[in-house]
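# Structural overview for review
The residues making up each chain are set out below.
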Amino acid sequence: MISTAPQRRPPATALVEERAGGRLCSSSASDLVVVYQRVSTVFDRRVLPEVYRLKMPLSPHRSAELDGVAIEAAKLSLPELPGPLIIEGAGGLMVPLNRQTRFVDVFQEWQLPVILCARTALGTINHTLLSVEALRTRSIPLLGIAFIGEEMADTQRTIAEMGKVRVLGRLPRVDPLTPEALSAAMRAAFTAADFMETPQ
């Protein structure tokens, strides 16, 4: 999924300089972006630039304030591209972009299908069901849940049944993290056709 569609990143926080492949490069705190840079050979042409790049590893609203930047939700418009596009949220649906707008407000305006990524660790039932409720309350289409982490069969079943939501699969920890290992894990965990179905 990640390797077949361009991705738009949210306001990225905590920019750092690190050595990668013998050259100095810039990366953000976004887990997906860091993974993408390390395991993909198509990063530059598959990941679109952020609208905002922020320095502190905080919620976008606070990091922007400390940088003297005002995040304008209207500037987070959807790019016109052929084919599918993955848009990564950061931190959760209720994370504020500024003092008036949260990620969920932008998602509600866009009305695009959401893939809810949920960890399998303790506490995820509450967090995930609250997120499902937040999406449905705002009539945001929910394609399904992608679990991330070790197998927790009852937890995953409880969320699926009580949330009345489709489970798209579960990505286990990938170690060592290489392009080949990640690709194999994604193919084993998910079915591409499931991501093309009508949201629930």
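Residues numbered from 1 in each chain as written. Predicted model: local features only at pLDDT ≥ 70, side-chain atom pairs only at ≥ 80, totals over all residues. Heavy atoms only, no water.

### Quick look at the overall build of the chain
Across its full length, the chain carries seven helices and eight strands. By the burial criterion, 40% of the 200 residues in the chain qualify as buried. A separation threshold of at least 6 residues defines the contact pool for the chain, and within that pool the share at least 24 residues apart is 62%. For the chain, the accessible surface area stands at approximately 11600 Å², while carbon and sulfur atoms represent 56% of it. (Helix = DSSP H or I, 4+ residues; strand = E, 2+ residues; numbered from the N terminus. Buried < 20%, exposed > 50% of the residue type's maximum accessible area, 1.4 Å probe, protein only. Contact = heavy atoms within 4.5 Å. Areas by Shrake-Rupley, 256 points an atom, 1.4 Å probe, with all protein chains shown as cover.)

### Examining the nonpolar core
In terms of nonpolar packing, the biggest core is built from 25 residues, with Leu142 and Ile145 touching the most fellow members. Elements with a minimum of two residues in this core: α4 (103-110), β6 (114-119), α5 (124-137) and β7 (142-148). For this core, the element with the most residues is α4, which contributes five residues. By size, the runner-up hydrophobic cluster in this structure holds eleven residues, among which are Ala146, Leu168, Leu171 and Ala185. (Core = buried A, V, L, I, M, F, W, Y, C linked by side-chain atoms within 4.5 Å.)

### Brief notes about unusual backbone geometry
Following Asp175, the chain continues to Pro176 via a peptide bond in cis, the omega torsion being 5°. Tracing the backbone shows Pro176 in the loop between β8 (167-171) and α7 (179-189). Of note, Gln111 is a non-glycine position whose phi angle comes to about 55°, a positive value. Looking at the element boundaries, Gln111 is found in the loop between α4 and β6. The exposure class of Gln111 is partly exposed, given its relative accessible area of 37%.

### Notes on the pairing of β7
Counting buried positions along β7 gives six out of seven residues, so the element sits mostly inside the fold. Pairing of β6 with β7 involves six bridges; the strand directions are parallel. Within the sheet, the bridge partner assigned to Ala118 lies in β7 and is Phe147. Taken together, β6, α5 and β7 constitute a β-α-β crossover, and its handedness is right-handed. (Pairing = 2+ DSSP bridges. Right-handed = clockwise from strand over helix to strand, strands pointing away.)

### Overview of the packing of aromatic side chains
With the rule as written, the count across this model stands at three aromatic pairs. Look at Phe190 and Phe195: their rings are 5.8 Å apart centre to centre, the planes differ by 70°, and that puts the pair in the edge-to-face class. Considered together, Phe190 and Phe195 belong to a single accessibility category, that of buried residues. (Phe/Tyr/Trp six-rings, centres within 6.5 Å; stacked < 30°, edge-to-face > 60°.)

### Digging into the confidence of the model for the chain
On average, residues of the chain carry a pLDDT of 81, and 76% of them reach 70 or more. pLDDT under 50 marks residues 1-5. Its contacts with residues more than four places away, or in other chains, come to 17 contacts. (pLDDT = per-residue confidence, 0-100.)

### So, the packing of α5 against helix α6 (residues 153-163)
It is at 10 Å that the axes of α5 and α6 come closest, and there the two elements cross at 25°. Compared by their axis directions, α5 and α6 come out roughly parallel. At the point where α5 passes α6, the crossing takes the right-handed sense. Counting all contacts with α5, which are made through Thr124, Ile125, Thr128, Leu129, Val132 and Arg136, the residues of α6 involved are Thr155, Thr158, Ile159, Met162 and Gly163. In terms of residue class, the contact of α5 with α6 is made up of five nonpolar, five polar and one charged. (Axes fitted to C-alpha atoms, helices over the stretch in contact; angles between N-to-C directions. Parallel < 35°, antiparallel > 145°, perpendicular 65-115°, else oblique. Left-handed = near helix turned anticlockwise from the far one by under 90°. Nonpolar A, V, L, I, M, F, W, Y, C, P; charged D, E, K, R; others polar.)

### Let's talk about the side chain of Gln156
For Gln156, the position within the fold is in helix α6. Ignoring anything within four residues of it in the chain, the contact list for Gln156 reads Thr120, Phe147, Glu150, Glu151, Val167 and Arg170.

### Quick notes on the sheet that holds β7
Strand pairing in a sheet is mediated by backbone hydrogen bonds. Such pairs are either parallel or antiparallel. On the basis of which strands lie adjacent, the open sheet formed by three strands has the order β6-β7-β8 and parallel pairing. Two strands in the sheet have a free side with no partner beyond their single neighbour: β6 and β8. Sheet twist, expressed as the mean angle between neighbouring strand axes with direction ignored, is 20°. In this structure, β7 lies alongside β8, joined through four bridges in parallel fashion. Paired with Ile145 across the two strands is Val167, which belongs to β8. In the packing of α5 onto the sheet, contacts are made with β6 and β7, and the angle to β6 comes to roughly 165°.

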